[in-house]
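Examination of the molecular architecture
Each chain, written out:
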Amino acid sequence: MYRLSKELSGHQADVRSLCLLDNGKICSASRDNTIRVWDPTDNYESSTVLHGHQSFLSTVIPINSPYFAPANLASGGFDKIINLWDTSNPSSPLVTLIGHENVVCALCTTHDGLLVSGSWDRTVRIWRGNECLQVLTGHSHSVWALLSLPNGDLLTGSADKTIKIWRNYSAIKTFEAHTDCVRSLVLFNPVGFLSASNDGTLKLWSFDGESLREFVGHTAYIYSAAIAPNSTSLFVSGGEDRELKIWKDGEVGQSILHPGVIWSLQITGEEDIISGCSDGVVRIWTKDQARVAPSEIISNFERSLASIKLSTDQVGELNVNKLPAEDALKIPGQQDGENKIVRTAKGVECYQWSIHSNSWIKIGDVVDAVGQSHRHLLQGKEYDHIFDVDLGDGNPPRKLGYNVGENPYATAQEFIWREQLQQDYLDQIADFIVKNTQGFTIGAQSAPAAVDPYTGGSRYIPNQPTTTQQPTGGDPFTGQSRYIPSQYGAASNVNQTPQPTTPAQTGYTPTKSYVTYETASFPALVKKLMEFNAQAPAGLGLTADDQKEIDSIISTLKDTSHYHSSKFYPSQYQTLTKILSWPSEIRFPGIDLLRSLVVHPDAAEYLSKGGFNKTSGSTIIADIIRLGFTSSAPTSCQMLLTRVLANLFGHEQFREILQKEAEKVLESAVDCMAASNNKSLRQSLISIFLNYSVLFIDHPNEEGKIQLLSSLADLIPNEKDEDILLRGLVAVGNLVSS
């Protein structure tokens, strides 16, 4: 049986990732923005701290490759960068790799020494030295897991629930592996590989993707799995249910409860187990009785378990009157890790059976709807808080994701741009974020008193007053008694190697997030289509079959959870082409449908290859200009086509076309901007300039940058609208920084 051997304390927040170096050292990456290297020569009593990331760490791996020598460690996180380290000279990163547009959440190395990275930006990048050799696209949500196979193939696991097998940089197979996000992939030689998922299961697969076995034992998300280096019968898993499951020959042999979420696991050559927990502690578990921790440390650990507050959401709905009394604890448990909930004089308590101590150990007090530690997913990305924001337009509330430690002003600004709100709301939304996250401690077991941020119990309504309350304790952003935006840059704004002499960033530039317009009101769109159908020219009116095709398109677009597998058919594109052939004054509902369509991965793949015409040299850009992206077209067409263009930036295959067609797009945008005083149109147009400035950061285009900067220089001096002016200035900042 495994018992606690050592607790490694030093991190100030969740331990998100662990790895083992050849010299026996343990590396831990944390949400406190640091990496610690723990040295076995002094029994892990001390650690070296690596500083080089400006936000939360997500992943850390060992690296041993001539392409990256003398680096022996690679790390990635919320600042979108990858740092390479020589742990024998830890003063600063040797190299910083820049390219991802969002959080770097997975790393691995290939058999031939290349580095692979996966990101919330839905891409996988292949690195050799400082050079990005390839960008692999195809997943519709974040890429959470990577694994290099012995035959040279690469596996990627995603929040879109699929696993892809890549060979020579091409996906040779895609299969829906789980019913929720794929979070971990582990080599299971010589049989195949193991996957772990948010659906609470682990699955064993052959190397060609054939399902061999499913392992069920967890009651919540599984975040990590690891296998013993010299065994195929011993592996471990852990996650949101706080239980380290030790599997032997396919069955759970032991369960070890932790004080918090288990984010990462490793197994040493001696078959010790290393766990990284949301309480900031790294723990070593051993079967060697000679290395078991002193009784005082074990008692402190058990007391930390007993102090946990469990909600009914974690243990299931309870009828207190039907629970057994405390006397039930006199009956021994049937297996290690068995849970029992009892009524006591103090309330409702949860116990777990320990085979080692042959007793029931208290693991927490059960309270009602308190203590949720779940991190939530929004569009494949993980957040501490997801708020419902009611825009008061009759549509469902929009979702606003926020992570503790991010700049609330930067988060609010991106939300304003995405939802097309007035710039006046910036302070109000930022204040709302600060107010409803004050006092929140990463890994804490209780929610803030002001509001339940997990259920959205307080809905933000922009036109309602917001009162900012002073935090009662230390500020969660600066650790002081006040929040100073200029002293804490947003995680999304780091795009270069941090240097001590670099001036503090503003929180606005550089930004690498594209402005898109994905929110749609399909009932209103269909109503307008049917209204204009009566005015359609002969031969272009919608038939009953056409109307069914439109209903089918909209049904597919609404079902965002299946974007990774759903497809559109030629008959549906033909129906949309018919609508887009209507006269310009009644064409805009069709353009609005196109705006939503290009967000879908299958439509992006189809339309990136010749647009609608499919003739030699034809592109989606030519279609957009033809449909009315000109200064002489009706304002409604110009505005919606501008938003179609903005949404194109969300897909890599469209970005390649936008890069090639930059001159045409920018010329049309300048003409439309100069000819119109319509605020909504001008806001949409300036977003195209902003998106191009983001594109040119990772896809250098000197001629395009000069054209864009020249256009902005003409537009900005005469601009009066604050929101348009801000976007223009951010675009200039991006160009200067790149």
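**Brief notes about the overall build of the chain**
For the chain, the helix and strand inventory stands at 16 helices and 36 strands. Taking all 738 residues of the chain together, 58% fall into the buried category. Carbon and sulfur atoms make up 48% of the accessible area of the chain, which totals about 29900 Å².

**Points about the confidence of the model for the chain**
On average, residues of the chain score 82 in pLDDT, and 83% of them are at 70 or above. Confidence over residues 311-315 falls short of pLDDT 50; this stretch has 18 contacts with residues more than four positions distant or in other chains. Low pLDDT (under 50) marks residues 439-507, which in the prediction has 134 contacts with non-local residues, meaning those over four places away or in another chain.

**Quick look at the packing of helix α7 (residues 570-580) against helix α8 (residues 588-597)**
A pair of packed helices can be characterised by two numbers: the angle between their axes and the separation between those axes. Between α7 and α8, the least distance of the axes is 9 Å, while the angle of their chain directions is 140°. The orientation of α7 with respect to α8, classified from their angle, is oblique. Between α7 and α8, the residues in contact are Y573, L576, I579 and L580 and G590, I591, L593, L594 and L597, respectively. Considered class by class, the residues forming the contact of α7 with α8 number 8 nonpolar, 1 polar and no charged.

**A look at unusual backbone geometry**
The omega angle of the peptide bond from A69 to P70 is 5°, so this bond is cis rather than trans. With respect to the element layout, P70 can be found in the loop between β6 (57-62) and β7 (73-77). Backbone torsion omega between N189 and P190 reads 0°, so that peptide bond is classified as cis. Mapping P190 onto the fold places it in the loop between β18 (182-188) and β19 (192-197). At Y169, a residue that is not glycine, the phi angle is positive and equals roughly 70°. Among the structural elements, Y169 can be located in the loop between β16 (162-167) and β17 (170-176). Judged by its relative accessible area of 35%, Y169 is partly exposed. With a phi close to 70°, R242 is a non-glycine residue in the positive phi region.

**Thoughts on the sheet that holds strand β3 (residues 26-30)**
If you trace the 4 strands from one edge of the open sheet to the other, you get β2-β3-β4-β5, paired in antiparallel fashion. The sheet is open, and its two edges are formed by β2 (15-20) and β5 (47-51), each paired on a single side. Shown here is a sheet whose adjacent strand axes are inclined to one another by a mean of 20°, direction ignored. Two elements, strand β4 (residues 34-38) and β5, share 5 bridges in a ladder whose sense is antiparallel. Across the sheet, residue W38 finds its bridge partner in β5, namely S47.

**A word on the environment of N189**
Tracing the backbone through its elements, the reader meets N189 in the loop between β18 and β19. Note on N189: relative accessible area 39%, which makes it partly exposed. Along the sequence, N189 and S206 sit 17 residues apart, while their C-alpha atoms lie 9.7 Å from each other. Leave out the neighbours within four places in its chain, and N189 touches P150, F207 and T232.

**Looking at the pairing of β3**
Burial runs high along β3: 5 of the 5 residues are buried. Of the strand pairs in this sheet, β2 and β3 are connected by 5 bridges, and their pairing is antiparallel. Each residue of the ladder has a partner; that of S17, found in β3, is A29. Across 4 bridges, the pairing between β3 and β4 is antiparallel. Across the sheet, the residue bridging to S28 is R36, located in β4. Once β3 ends, the chain turns through 3 residues before running back antiparallel as β4, passing N33 with a positive phi of about 80°.

**Points about the nonpolar core**
Within the largest apolar cluster, 87 residues are counted, with the highest numbers of intra-cluster contacts made by L594, L597, I620, F629, L645, L648 and Y692. Here this core gets 10 residues from one element, more than from any other, and that element is helix α14 (residues 679-698). If sequence neighbours within four positions are ignored, L645 has contacts with I621, I624, F629, L658, V665 and I688. By size, the runner-up hydrophobic cluster in this structure holds 25 residues, among which are A228, L244, I246 and C350.

**Digging into α14**
Its 20 residues give α14 an end-to-end C-alpha distance of 30 Å, which sits within 8% of 28 Å, the value for a rise of 1.5 Å per residue. Across the 20 residues of α14, 17 count as buried, placing the element largely inside the fold.

**Some words on the pattern of salt bridges**
Applying the stated criterion to the full structure yields 24 salt bridges. Between E7 and R283 there is a salt bridge; the shortest N-O distance is 2.9 Å. Remark: R283 occurs in strand β28 (residues 281-286) and E7 occurs in strand β1 (residues 3-9); sequence separation between them is 276 residues. Residue classification places R283 among the buried residues on the basis of a relative accessible area of 3%. The residue R655 makes a salt bridge to E101 at a minimum N-O spacing of 3.9 Å. Separated by 554 residues along the polypeptide, R655 in helix α12 (residues 652-660) and E101 in the loop between β9 (95-98) and β10 (104-109) bring together distant segments of the chain. Bridged by salt links that share partners, the residues E7, D279 and R283 form one connected network.

Reading guide: rules and limits
- Residues numbered from 1 in each chain as written.
- Predicted model: local features only at pLDDT ≥ 70, side-chain atom pairs only at ≥ 80, totals over all residues.
- Heavy atoms only, no water.
- Helix = DSSP H or I, 4+ residues; strand = E, 2+ residues; numbered from the N terminus.
- Buried < 20%, exposed > 50% of the residue type's maximum accessible area, 1.4 Å probe, protein only.
- Areas by Shrake-Rupley, 256 points an atom, 1.4 Å probe, with all protein chains shown as cover.
- pLDDT = per-residue confidence, 0-100.
- Contact = heavy atoms within 4.5 Å.
- Axes fitted to C-alpha atoms, helices over the stretch in contact; angles between N-to-C directions.
- Parallel < 35°, antiparallel > 145°, perpendicular 65-115°, else oblique.
- Nonpolar A, V, L, I, M, F, W, Y, C, P; charged D, E, K, R; others polar.
- Pairing = 2+ DSSP bridges.
- Core = buried A, V, L, I, M, F, W, Y, C linked by side-chain atoms within 4.5 Å.
- Expected span 1.5 Å × (residues − 1).
- Salt bridge = Lys/Arg side-chain N within 4 Å of Asp/Glu carboxyl O.

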